[in-house]
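Now for the letters of each chain:
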Amino acid sequence: YEGIDYVVGKKGEGFELPFQAPDSWSNVIHFRNGAIAIMVSLDNPNSGRGLNAYWVIGDEAALLTYERLYNNVLTTNRAKKAIFNKASMLHAQVFVSSVAMTKKGFWFTDRERLAKENPEKYCFIKANAYVNAHNLKDGWIDDMKKEALSLNLFNAEILNIRPKGVQDGFYAQLKPKHYYQDKYNNGLIGIDLTER
């Protein structure tokens, strides 16, 4: 419970202190047992730099720019302290999101491949909104289907079905049924561009 088990943006009254206290508590979640989570923003390109972290959590991961995530967050997940040697989640990276709809978020969706290639090191769990149905108002999934801008968007955001392509990909409207040609034939457009 907030205010009892944790506080946000301040040092908890009567809470254990972390072994390394932050310079500022404004972007910190402080837990009663002394653990802290420092929140960084990838909107600020230097927000996480210089930290020594023991774990990383990212929400709405498909919206995160991987270059900034790598430079400002992932590289900080390096701290080592003997008291944590047996902590099973030490240096964990936990990312949650719906499937990526753009190239920007493909790094997140591609983590499934990493999990298949190395299941001892990576875990990728997929679920759709039905898993959370007990927390949803009656008819919410049907309402979302009716209100969705496209079936593709509904499938990705609600049913967690990965789209076949990405929205901001190269020539997004180009489909395999189109005829491709690798030599110029300007005659097809009715203009003679030959030199005279």
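From a predicted model like this one, the values you see are computed outputs, not experimental measurements.

K.L.:
Explain a nonpolar patch on the surface to me, please; I cannot follow it from the model alone.
P.N.:
Taken together, the side chains of W55, I57, M89, V94 and V96 present a nonpolar region at the surface, about 470 Å² in accessible area. Judged by relative accessible area, V94 falls into the partly exposed class, the value being 32%.

K.L.:
Teacher, can you tell me more about the pairing of strand β5 (residues 93-96) here?
P.N.:
Looking along a regular strand, one sees side chains alternate from face to face of the sheet. In this sheet, β5 lies alongside strand β4 (residues 56-59) in parallel orientation, the contact comprising four bridges. In the sheet register, D59 faces β5, and the bridge partner there is V96. Note on the crossover from β4 through helix α1 (residues 66-72) to β5: the handedness is right-handed.

K.L.:
How should the environment of I36 be read in this particular structure?
P.N.:
The residue I36 is located in strand β3 (residues 36-38) in this model. The sequence separation of I36 and L17 amounts to 19 residues, and the corresponding C-alpha distance is 8.9 Å. Discounting chain neighbours no more than four positions away, the residues touching I36 are P18, Q20, P22, W25, V28, I29, H30, F31 and W55.

K.L.:
What exactly am I supposed to notice about the sheet that holds strand β2 (residues 28-31) here?
P.N.:
On the basis of which strands lie adjacent, the open sheet formed by three strands has the order β1-β2-β3 and antiparallel pairing. The open sheet has two edge strands with one neighbour each: β1 (6-8) and β3. For this sheet, the mean inter-axis angle between neighbouring strands, taken without regard to orientation, is 10°. When β1 meets β2, the two strands line up antiparallel, connected through three bridges. Across the sheet, the residue bridging to Y6 is F31, located in β2.

K.L.:
Sorry if this is basic, but what is going on with the pattern of salt bridges here?
P.N.:
Note that side chains of opposite charge can pair when their charged atoms are close. Scanning the model with the defined rule gives five salt bridges in all. Of the charged contacts, one joins K126 and E112 as a salt bridge, the two residues approaching to 3.0 Å between their closest N and O atoms. Placement of K126 in the loop between α3 (111-117) and α4 (140-147) and of E112 in helix α3 is noted, with a sequence separation of 14 residues between them. Here E112 falls in the buried class, since its relative accessible area comes to 13%. R113 is paired through a salt bridge with E117; the nearest N and O atoms lie 3.1 Å apart. Of the two residues, R113 and E117 both sit in helix α3, four residues apart, roughly one turn of that helix.

K.L.:
Just checking my understanding: could you explain the nonpolar core for this structure?
P.N.:
Nonpolar side chains tend to gather and get buried jointly when the protein is soluble and globular. The biggest cluster of nonpolar side chains holds twelve residues, and these are L42, V56, A61, A62, L64, L69, V73, L74, F95, A100, W107 and F108. Setting aside residues no more than four positions away along its own chain, F95 makes contact with V56, G58, A61, L69, L74, W107, F108 and R111.

Rules used throughout
- Residues numbered from 1 in each chain as written.
- Predicted model: local features only at pLDDT ≥ 70, side-chain atom pairs only at ≥ 80, totals over all residues.
- Heavy atoms only, no water.
- Patch = residues over 30% accessible without salt bridge, like charges linked within 9 Å, V, L, I, M, F, W, Y side chains within 5 Å.
- Areas by Shrake-Rupley, 256 points an atom, 1.4 Å probe, with all protein chains shown as cover.
- Salt bridge = Lys/Arg side-chain N within 4 Å of Asp/Glu carboxyl O.
- Buried < 20%, exposed > 50% of the residue type's maximum accessible area, 1.4 Å probe, protein only.
- Pairing = 2+ DSSP bridges.
- Helix = DSSP H or I, 4+ residues; strand = E, 2+ residues; numbered from the N terminus.
- Right-handed = clockwise from strand over helix to strand, strands pointing away.
- Contact = heavy atoms within 4.5 Å.
- Axes fitted to C-alpha atoms, helices over the stretch in contact; angles between N-to-C directions.
- Core = buried A, V, L, I, M, F, W, Y, C linked by side-chain atoms within 4.5 Å.

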